[in-house]
Amino acid sequence: MLTGWRLTISKFFVIPQRYILGIMGFFAILNAYTMRVSLSVAITEMVLKHKTDFYDPNACIIDGIHNSTSFHTVVEDLYPWTVKQQGLILSSFYWGYVITHIPGGVIAEKFGGKYVLGLGILSTSLFTLLTPFVVYASGGNWLWLVALRVFEGLGEGTTFPALNAILSKWVPLAERAKLGTLVYAGSQIGTVMANSISGTLIHATKSWASVFYFFGVMGCLWTFLWTILCYSDPDSHPFISDKEKNYLKREMSASIKEKRKIPWKHIFKSVPVWALVCAQIGHDWGFFAMVTDLPTYLKEVLHFNVKENGLLSSIPYVVMWIVSLVSAYICDKLIASKCMTISFARKFFSTIGSLGPAVFLLVASYVGCDRNMAIVMFTIGMGSMGCFYCGMKVNVLDLTTHYAGTVMAIVNGIGALSGILVPYLIAAMTENHTLLQWRNVFWVTFGVLFITNAVFLFFGSAEVQPFDSVYDEKKQNPTPKESFNGVIIEEDEEESTEFR
């Protein structure tokens, strides 16, 4: 009777369950990024403008804007946070974010990623809703906001590891770049929504608090739908069709559901894993620099108001999303037609995604006060970063099937250290918000992207790594029991259970 009910329900789903999972995974990252990024726009309307005697001969003078006394759209609830304090506020999210990556990946692989991901997004949503209350109740004490952002990061740190653990159970090789890119593209659309909606909301409501209420509620709604619709693996899904279930069993036969102990030593000795870590550091450095500080650049250097700021800050990420989807389609086609090996394709598209931003973000600082040309350069630069997603971003799934969540946790967790350093470093380098100071920031970004990509080119790989089959080799070739004078010596209990 239960089987009949399941088959009846499955007929209502025209879209295969792995695509529903992909769509919900896309919205998971989208919501995660809206709650992460929205503060970058909101904070420009939360702080008082600090008076300075510093004279910048290269300052952009825009008629009716530069000397305007109406610096803020929001005229109440402004706080005297310094530039460095703002940098710490923006970076504090990542202090918690990096901590829960590896625990999140391990728990997701052991117990399934559904509830690890769901609870992570739910907790982030609740802390986002609490943000205005904490700021108001503390009288604008920036340390309380830092503490709250750390807790938000702790919740969201499980997002990518849990999703990767789920995708490794649901996505066959032929659809890896396509579905993987769909999911990870949520970061661009989330950034677009965070920037554009935040600016529009603040402009309409004259309150920065509205941003946190809106995105917090959206995160709670996603959690409800995720709990109903998605499951950790095909076997636990109550209304997947038999056709799709059999297809996934056939295509994902390499994935063994048996419990395994994670071979930490072998993972950390893998050169391609460390090459991927370097690529992730480069990607995150460039991405976080733009996500957290592009709104500040547009306001402080090019003098856009908050509504223009939000909309213009979102344009590069719209293009980035389009490029990510198109490049994923092209990448799958090139691999399927054997025009490129998987390793070459990952490195080729990662190089475009690295050198494009490195060059064009730097060029943007050299066009000076030409606001239209600056936006064009930022758009081309960040748009080309979309090629990262079918390149290095799905590379974890190439390296391992059984430990995808754990390896993603390591790669994404170490890469996220950039999120701690970048906002504070930029704040320290641009204390007077001059064009020349920001140019130095883009030169540093150029160097980081160039060097990390070179490491990935030389040492990266798309081959399944030996640590992925350590368990199988141990099982197929057990260590023979030793004997002494005909008496069998039992192996150490701890060693015997190492790969169970």
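Since the model is a prediction, treat every value here as computed from it, not as a measurement.

Draft legend 1. A look at helix H6 (residues 142-156). Taking 1.5 Å per residue as the helical rise, H6 with its 15 residues ought to reach 21 Å, and the 21 Å between its terminal C-alpha atoms agrees with that figure. What H6 keeps buried is the set Leu145, Val146, Leu148, Arg149, Val150, Glu152, Gly153, Gly155 and Glu156. Elements in contact with the buried residues of H6: helix H2 (17-42), helix H3 (83-97), helix H5 (113-137) and helix H7 (159-170). Its side-chain oxygen 3.0 Å from the backbone nitrogen of Leu143, Asn141 forms the N-cap of H6.

Draft legend 2. Representation of the pattern of salt bridges in the model. In this structure the tally under the stated criterion is four salt bridges. The salt bridge involving Arg346 is made with Asp398; its shortest N-O contact spans 2.6 Å. Here Asp398 lies in helix H17 (residues 395-399) and Arg346 lies in helix H15 (residues 342-366), a separation of 52 residues in the sequence.

Draft legend 3. Geometry of the state of the cysteines. In this structure the tally under the stated criterion is zero disulfides. No disulfide involves Cys390; its nearest neighbouring cysteine sulfur is the one of Cys331, lying 4.3 Å away. Taking relative accessible area as the criterion, Cys390 reaches 0% and is therefore assigned buried.

Draft legend 4. Summary view of the side chain of Thr158. Take Thr158: it is sitting in the loop between H6 and H7. A relative accessible area of 11% means that Thr158 is categorised as buried. In this structure the side chain of Thr158 is engaged in a polar contact, spanning 3.2 Å, whose partner is the backbone oxygen of Gly155. Each residue touching Thr158, except ones within four places of it in the same chain, is listed here: Thr100, Gly104, Val116 and Gly120.

Draft legend 5. Local environment of the packing of aromatic side chains. What the rule picks out here adds up to 25 aromatic pairs. Considering the side-chain rings of Phe93 and Tyr94, the 5.1 Å spacing of their centres and the 80 degrees angle between planes classify their relative orientation as edge-to-face. Classification of Tyr94 by relative accessible area gives buried; the value is 1%. Note on Phe268 and Trp274: the rings are 6.2 Å apart at their centroids and 35 degrees apart in plane angle, and the pair reads as tilted. For Phe268, a relative accessible area of 35% corresponds to the partly exposed category. Members of the aromatic cluster, each reached through a chain of ring pairs, are Tyr33, Phe93, Tyr94, Tyr97, Phe287, Phe288 and Tyr317. The lysine or arginine in question, Arg18, covers the ring of Tyr19, its NZ or CZ lying 4.7 Å from the ring centre. Across from the ring centre of Tyr366, 4.1 Å away, lies the NZ or CZ of Arg439, which sits over that ring.

Draft legend 6. Layout of the environment of Leu294. Mapped onto the secondary structure, Leu294 falls in helix H13 (residues 271-300). With 253 residues separating them along the chain, Leu294 and Val41 place their C-alpha atoms 9.1 Å apart.

Draft legend 7. Region of the structure containing the environment of Leu148. By secondary structure assignment, the location of Leu148 is in helix H6. Taking the C-alpha atoms as reference, Leu148 lies 7.3 Å from Thr131; in sequence the two are 17 residues apart. Here Leu148 is in contact with Phe127, Leu130, Thr131 and Val134, once residues within four sequence places are set aside.

Draft legend 8. Spotlight on H13. Look at H13: 42 Å from first C-alpha to last across 30 residues, which is about the 44 Å you get at 1.5 Å a residue. Of all the bends in H13, the greatest reaches close to 55 degrees and is centred on Asp293; the proline Pro295 follows between one and four positions later. Counting buried residues in H13 gives 25 out of 30 residues, a clear majority hidden from the surface.

Draft legend 9. View of the packing of H2 against H13. For the pair H2 and H13, the least separation of the axes is 6 Å and the interaxial angle reads 45 degrees. Here H2 lies oblique to H13, going by the angle between them. Contacts from Tyr33, Arg36, Val37, Ser40 and Val41 in H2 reach Phe287, Phe288, Val291, Thr292 and Pro295 in H13. Across the contact of H2 with H13, the residue classes break down as seven nonpolar, two polar and one charged.

Draft legend 10. Structural detail: the nonpolar core. Membership of the largest hydrophobic core comes to 109 residues, with the highest contact counts inside it found for Tyr184, Trp208, Phe287, Tyr297, Tyr317 and Phe378. Beyond its immediate sequence surroundings of up to four residues, Phe287 is in contact with Tyr33, Ser187, Thr191, Tyr317, Met320, Met382, Met385 and Tyr389. With nine residues, the next largest nonpolar core counts Ala328, Ala345, Phe349 and Cys387 among its residues.

Draft legend 11. Region of interest: a nonpolar patch on the surface. A cluster of nonpolar residues, Val318, Ile322, Val326, Tyr329 and Ile330, forms a patch on the protein surface that exposes about 440 Å² of accessible area. Turning to its location among the elements, Val326 is positioned in helix H14 (residues 306-336). Here Val326 falls in the partly exposed class, since its relative accessible area comes to 44%.

Draft legend 12. Structural detail: the packing of H2 against H7. Where H2 contacts H7, the axes come no closer than 11 Å and their chain directions differ by 170 degrees. Comparing their axes, H7 and H2 come out roughly antiparallel. Across the interface between the two elements, Gln17, Arg18, Leu21, Gly25, Ala28, Ile29, Ala32, Tyr33 and Arg36 of H2 pack against Thr159, Phe160, Leu163, Ile166, Leu167 and Trp170 of H7. Looking at the contact of H2 with H7 residue by residue, the class counts come to ten nonpolar, three polar and two charged.

Draft legend 13. Just the side chain of Arg149, in detail. Structurally, the position occupied by Arg149 is in helix H6. What Arg149 contacts, discounting residues up to four positions off in sequence, is Met35, Arg36, Leu39, Ile89, Ser92 and Phe93.

What counts and what doesn't
Residues numbered from 1 in each chain as written. Predicted model: local features only at pLDDT ≥ 70, side-chain atom pairs only at ≥ 80, totals over all residues. Heavy atoms only, no water. Helix = DSSP H or I, 4+ residues; strand = E, 2+ residues; numbered from the N terminus. Expected span 1.5 Å × (residues − 1). Buried < 20%, exposed > 50% of the residue type's maximum accessible area, 1.4 Å probe, protein only. Contact = heavy atoms within 4.5 Å. Polar contact = N/O pair within 3.5 Å; in protein donor to acceptor, adjacent residues only side chain to side chain. Salt bridge = Lys/Arg side-chain N within 4 Å of Asp/Glu carboxyl O. Disulfide = S-S within 2.5 Å. Phe/Tyr/Trp six-rings, centres within 6.5 Å; stacked < 30°, edge-to-face > 60°. Lys NZ or Arg CZ within 6 Å of the ring centre and 35° of its normal. Bend = angle between axes of the 7 residues up to and from the residue. Axes fitted to C-alpha atoms, helices over the stretch in contact; angles between N-to-C directions. Parallel < 35°, antiparallel > 145°, perpendicular 65-115°, else oblique. Nonpolar A, V, L, I, M, F, W, Y, C, P; charged D, E, K, R; others polar. Core = buried A, V, L, I, M, F, W, Y, C linked by side-chain atoms within 4.5 Å. Patch = residues over 30% accessible without salt bridge, like charges linked within 9 Å, V, L, I, M, F, W, Y side chains within 5 Å. Areas by Shrake-Rupley, 256 points an atom, 1.4 Å probe, with all protein chains shown as cover.

On their own, these measurements won't tell you what the molecule is for.
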